Amino acid sequence: MSHTKLTIGIVGLPNVGKSTLFKALTREKVNIANFPFATIDPNVGIVKVPDQRLIRLAEMSKSKKIVPAAIEFVDIAGLVKGAHEGAGLGNQFLARIREVDVIVEVVRDFENPDIIHVEETVNPSRDIETIQLELVMADLQTLNKHLATIEKDVRAGKKYAQEEKIVLEKIKTVLEAGEGATKAKLSESELLLIKNLHFMTLKPFLFVYNISKNIDNGNRLAINLRLEAEIAEMSEEEAKEFENESRLPELIKKAYDLLDLITYFTTGEDETRGWTIRAGWTAPQAGSAIHNDFEQKFIKAEVINWQKLLECGSWANARQKGFLRTEGKDYVVEDGDVIEFKI
Ligand SMILES: Nc1nc2c(ncn2[C@@H]2O[C@H](COP(=O)(O)OP(=O)(O)OP(=O)(O)O)[C@@H](O)[C@H]2O)c(=O)[nH]1
Ligand SMILES: [Mg+2]
């Protein structure tokens, strides 16, 4: 993942509400229609991560602008049974899904005889299996293609190729059994060897059930996507009434949690800004989200929790009261830190 922008790919059967979700998130005008394959070319959109903390910090600093952390969403054509053999349209666009950090799968779970279901009946677990199998088969194709290209190097005794082959064979066994590549339980170093192949079934998954009242745990979330899309079309005033009903912030939070992402802030008169990093990153690593060379040029950081800073009322006051901490290169950044880097 690039340091600052999380990317999420939306997959699912045709006509289940993928573009409806995309529209609700990005507020972009996209083609939503009651027939399969309404989406042909992928839709790509940026969503600003809603974060009340930014607004409060910007008020305090009288910032000219607010720059929230961003997520990129990619909405592709629906996948159908046999997609890996060329059925439907979705398979052509899977390359876009290989590049994302998280996959969100939309699963139809609403009864409505007027909305076409490509498998005729509503059956979320069957549909999840269908999509899983297509992604598994697509990964298997990627794998076999790559195996063929390194075969010569394997025979020539090249070490990299032999190491890669061992890992690929492990994944192949799992994929051929119809399971996702995560089931191969690869070590960090093994994963690094095959990172460039971007297997989809190695990615974190979130399931959005459109719409069921009671499924809501782990990586599953129930959302009424049509309602969400309607809220997205409302004026700000109207939308306020539905503020507590929208579940999209939760979806984004779950994606953050899945990847162990946290946010820190920078604030000043020019701008107040949110930065996305991985939990566990040290201050110099966190600085690299702002600029590549911050990591090398890092000297120290002044740090304060966002709430504490608001209580102090200003950066100067926080310093005066002794609440600004000076942290060195080993400091592990926490969610909600406001940081000023000294380089
Ligand atoms: N009743 C109901 N209809 C919905 C809901 N979500 C989506 N729809 C309808 O389902 C149809 C398909 O929605 P889309 O968002 O275009 O579905 P898609 O998955 O992008 O479809 P393709 O691009 O064709 O693969 C549209 O007519 C939507 O209005 C929902 O929560 N309830
Ligand atoms: Mg669509």
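Residues numbered from 1 in each chain as written. Chains lettered and ligands numbered in written order. Predicted model: local features only at pLDDT ≥ 70, side-chain atom pairs only at ≥ 80, totals over all residues. Heavy atoms only, no water.

Caption draft 1: Focus on the packing of aromatic side chains. The final tally for this structure, using the stated rule, is four aromatic pairs. Here Tyr 264 and Phe 341 contribute two aromatic rings whose centre-to-centre distance is 6.0 Å and whose plane-to-plane angle is 70 degrees, an arrangement assigned as edge-to-face. Of the two residues, Tyr 264 sits in strand β8 (residues 261-267) while Phe 341 sits in strand β12 (residues 337-342), which places them 77 residues apart along the sequence. The pair formed by Tyr 264 and Phe 341 is uniform in burial state, with each residue classed as buried. These aromatic residues form a ring-pair network of at least three members: Tyr 264, Phe 294, Phe 298 and Phe 341. A cation sits over an aromatic face here: Arg 108 above Phe 110, 4.2 Å from the ring centre. Against the face of Phe 323 rests Lys 308, its NZ or CZ located 4.3 Å from the ring centre. (Phe/Tyr/Trp six-rings, centres within 6.5 Å; stacked < 30°, edge-to-face > 60°. Helix = DSSP H or I, 4+ residues; strand = E, 2+ residues; numbered from the N terminus. Buried < 20%, exposed > 50% of the residue type's maximum accessible area, 1.4 Å probe, protein only. Lys NZ or Arg CZ within 6 Å of the ring centre and 35° of its normal.)

Caption draft 2: How the structure looks around the site of ligand 1. Around ligand 1 lies a shell of 24 residues, among which Lys 18, Thr 20, Phe 37, Ala 38 and Asn 210 are the nearest. One of the backbone N or O atoms of Phe 37 is found 2.7 Å from an oxygen atom in ligand 1. Starting from 660 Å² of accessible surface for ligand 1 in isolation, the protein chains cover 93%. Elements with a minimum of two residues in the shell around ligand 1: α1 (18-26) and α7 (225-233). Sorting elements by how many residues they give to the shell around ligand 1 places α1 first, with three residues. Looking at the shell around ligand 1 residue by residue, the classes come out as twelve nonpolar, ten polar and two charged. (Near = heavy atom within 4 Å. Polar contact = N/O pair within 3.5 Å; in protein donor to acceptor, adjacent residues only side chain to side chain. Areas by Shrake-Rupley, 256 points an atom, 1.4 Å probe, with all protein chains shown as cover. Nonpolar A, V, L, I, M, F, W, Y, C, P; charged D, E, K, R; others polar.)

Caption draft 3: A look at the sheet that holds strand β2 (residues 43-48). Across the sheet, which stays open at both edges, the six strands sit in the order β2-β4-β1-β5-β6-β7 with mixed pairing between neighbours. The open sheet has two free edges, formed respectively by β2 and β7 (220-222), since each of these has just one partner strand. With strand direction ignored, the average angle separating the axes of adjacent strands in the sheet is 25 degrees. Inspection of the sheet shows strand β1 (residues 5-11) paired to strand β5 (residues 102-108) by four bridges, in the parallel sense. Among the inter-strand pairings, Gly 9 is bridged to a residue of β5, identified as Ile 103. Helix α9 (residues 248-258) rests against β1, β2, β4 (70-75), β5, β6 (205-210) and β7 of the sheet, and its axis sits at about 160 degrees to β6. (Pairing = 2+ DSSP bridges. Axes fitted to C-alpha atoms, helices over the stretch in contact; angles between N-to-C directions. Contact = heavy atoms within 4.5 Å.)

Caption draft 4: Highlighting the coordination of the magnesium ion (ligand 2). At 2.0 to 2.1 Å from the magnesium ion (ligand 2) lie its protein donor atoms, namely Ser 19 (OG) and Thr 39 (OG1). Of this pair, Ser 19 sits in helix α1 while Thr 39 is found in the loop between α1 and β2, placing the two residues 20 residues apart along the sequence. When sorted by exposure, Ser 19 lands in the same class as Thr 39, which is buried. (Donors = N, O, S within 2.8 Å, 3.2 Å for Na, K, Ca; no water.)

Caption draft 5: View of the environment of Phe 207. Take Phe 207: it is sitting in strand β6. Put simply, Phe 207 and Asp 127 are 80 residues apart on the chain and 12 Å apart in space, counted from C-alpha to C-alpha. When residues no more than four places from it in sequence are discounted, the contact partners of Phe 207 are Glu 105, Val 107, Ile 128, Asn 219, Arg 220 and Leu 221.

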